[in-house]
Amino acid sequence: MVKDLSYSKLNFLFLKGNHITGDIPKQLCQLIKLTMLDLSDNKLLGEIPHCLGTMPFDNNNLDPLLKASKGCFVEEYILRQSQSEQEKEKLRFTSKKRIDTYTGSILTYMCGVDLSNNKLKGNIPYELGNLTKIQALNLSHNDLIGQIPDSFSKLVQTESLDLSFNKLSGEIPSKLNILTSLEVLSVAHNNLSGPIPEWTNQFSTFDESSYEGNPFLCGPPLPKSCHPAPRVIPNDLDSDKDDDWLVDMYVFYVSFVVSYTLALLTTATALYINPS
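None of these values were measured; they are calculated from a predicted model.

Conventions and cut-offs
- Residues numbered from 1 in each chain as written.
- Predicted model: local features only at pLDDT ≥ 70, side-chain atom pairs only at ≥ 80, totals over all residues.
- Heavy atoms only, no water.
- Helix = DSSP H or I, 4+ residues; strand = E, 2+ residues; numbered from the N terminus.
- Buried < 20%, exposed > 50% of the residue type's maximum accessible area, 1.4 Å probe, protein only.
- Contact = heavy atoms within 4.5 Å.
- Areas by Shrake-Rupley, 256 points an atom, 1.4 Å probe, with all protein chains shown as cover.
- 1 Å grid on protein atoms, 1.4 Å probe; cavity = no way out; pocket = protein on both sides within 12 Å on 5 of 7 lines; lining within 4 Å.
- Points joined across faces, edges and corners; volume = space filled by probe spheres on them.
- Nonpolar A, V, L, I, M, F, W, Y, C, P; charged D, E, K, R; others polar.
- Disulfide = S-S within 2.5 Å.

Colleague: I'd like to hear about the overall build of the protein chain, residue by residue, with values.
Modeller: Looking only at helices and strands, one finds one helix and 16 strands in the protein chain. Within the protein chain, buried positions represent 39% of all 276 residues. Residue pairs at least 24 apart in sequence account for 54% of intrachain contacts in the protein chain once pairs closer than 6 positions are excluded. Taken as a whole, the protein chain presents about 16400 Å² of accessible surface, with 56% of it coming from carbon and sulfur.

Given below as structure tokens:
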């Protein structure tokens, strides 16, 4: 059980690739010095705590000798301490669908959240849009539902946003195309529908792979248009329809005359047989 963490000065929390189950404890939100959180590749259940969106995730919370102004997201790192001085860190860096290995104090340049490859459910908390300092947000491969929050348009420093392989629905918020730092976007394999945000700024750099697996999305760069051309009926088809209409009217008139004549004959015969 996670207890009170309000006195912790933890900056980095990496629990990737374990067998952790249960909900994400809300006590993690007490880690106000945290700049990176990686809980990916576990078996976490439940909803994403709304309080995660109230955490600073700000590099300025780091030691002044280590802090940096901007960075990206790391999956894991190893920090080793010698007797006399701190040795260089070794880390595997994952962002923009690429993994690299780095050494040195580059760890202080990183900030981001990775909750991918779990079994998280429910809606994406609107509050996550307040994480304006993070460079990467990965919520892929979960069971999240609902719409993509409009508040994500405030993720002005985010360079990589991955929401793929969930059950999200509705339209992609049009305001997302104002994110000028965004270099990688994936909303693939959801239930999204409607037009893709205007193909300007960074959105003009994303190809079909960012949206694949959403059959009801339309607009560039997808081949499906949101405004299909109206169907034009060829003139010869119009003529055929006119001919069919004339034939139908002819049949109607003939049938009417025959039916009326038979009715008169039947009446006359009945009166002849039985005049009374």
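Here the narrative resumes.
Colleague: Pulling in residues and values, what's your account of empty space enclosed by the protein?
Modeller: With the rule as written, the count across this model stands at one cavity of 30 Å³ or more. In this model, the largest cavity occupies a volume close to 40 Å³. Taken together, Leu 37, Leu 52, Phe 57, Val 113, Leu 115, Leu 128, Leu 131, Leu 137 and Leu 139 form the lining of the largest cavity. Residues of the lining of the largest cavity, tallied by class, amount to nine nonpolar, no polar and no charged.

Colleague: Just give me the short version of the state of the cysteines, but keep the residues and values in it.
Modeller: Overall, the coordinates contain two disulfides when judged by the stated rule. Here Cys 29 pairs with Cys 51 through a disulfide, and the sulfurs are 1.9 Å apart. Disulfide Cys 29 to Cys 51: torsion about the S-S bond roughly 65°, handedness right-handed. Remark: Cys 51 occurs in the loop between β4 (43–45) and β5 (74–78) and Cys 29 occurs in the loop between β2 (21–23) and β3 (36–38); sequence separation between them is 22 residues. The disulfide that involves Cys 218 links it to Cys 226, with 2.0 Å between the sulfurs. Given an S-S torsion of about 105°, the disulfide between Cys 218 and Cys 226 has right-handed geometry.

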